[in-house]
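Notes for the structure review
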Amino acid sequence: MSVHRIRLRGPWQCQCTEQGIRWSRKFNRPTGLEGAARVWIAADNPRLDGVLHLNGALLGQMTAGEDAAKFEVTGRLELHNELILIAAKESAQPPLVLPAEVSLEIVDLPA
């Protein structure tokens, strides 16, 4: 089993909403996905509690202080995707840094 990691660094859009601080980022479906390959979205070392959405559908929650929140998204990926992370607002100003390192993990499973 091999794992290929694609870090979703910039560009993230950030805004304060009634729900909390909302970060959004668009990305394309990874190329070369074949057979038994699985794709996960991982939010590593979250510093705030929050929720993640992919293309308008809730993926799940992340909890501050946990190692990672991971969600399998293989069947949910479209050609063009939008990932949204909403975290609780702790102050009037949004943090300048995304509250977790977010990445795609492509896992090639043996056939």
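Here goes a summary of the coordinates provided. (Residues numbered from 1 in each chain as written. Predicted model: local features only at pLDDT ≥ 70, side-chain atom pairs only at ≥ 80, totals over all residues. Heavy atoms only, no water.)

So, about the nonpolar core. Formed by 25 residues in total, the largest nonpolar core has its most connected members in Ile41, Leu52, Leu59, Leu83 and Val102. Among the secondary structure elements, those contributing two or more residues to this core are strand 3 (21–28), strand 4 (38–44), strand 5 (50–54), strand 6 (57–62), strand 7 (68–72), strand 8 (80–87) and strand 9 (101–108). In contact with Ile41, not counting residues within four places along its chain, are Leu52, Leu54, Leu59, Ala69, Lys70, Phe71, Val73, Leu83, Val102, Ser103 and Leu104. (Core = buried A, V, L, I, M, F, W, Y, C linked by side-chain atoms within 4.5 Å. Buried < 20%, exposed > 50% of the residue type's maximum accessible area, 1.4 Å probe, protein only. Helix = DSSP H or I, 4+ residues; strand = E, 2+ residues; numbered from the N terminus. Contact = heavy atoms within 4.5 Å.)

With that settled, consider the pattern of salt bridges. Applying the stated criterion across every chain yields a total of four salt bridges. Residue Asp44 is joined to Arg5 by a salt bridge in which the shortest nitrogen-to-oxygen separation is 2.0 Å. Of the two residues, Asp44 is situated in strand 4 and Arg5 in strand 1 (residues 2–7); the sequence distance between them amounts to 39 residues. When its relative accessible area of 13% is taken as the criterion, Asp44 is described as buried. Sharing partners across several salt bridges, the network here consists of Arg5, Asp44, Lys70 and Glu105. (Salt bridge = Lys/Arg side-chain N within 4 Å of Asp/Glu carboxyl O.)

We now examine a nonpolar patch on the surface. A contiguous nonpolar surface patch, about 330 Å² in accessible area, is contributed by Met1, Val3 and Leu109. One can find Met1 in the segment before strand 1. (Patch = residues over 30% accessible without salt bridge, like charges linked within 9 Å, V, L, I, M, F, W, Y side chains within 5 Å. Areas by Shrake-Rupley, 256 points an atom, 1.4 Å probe, with all protein chains shown as cover.)

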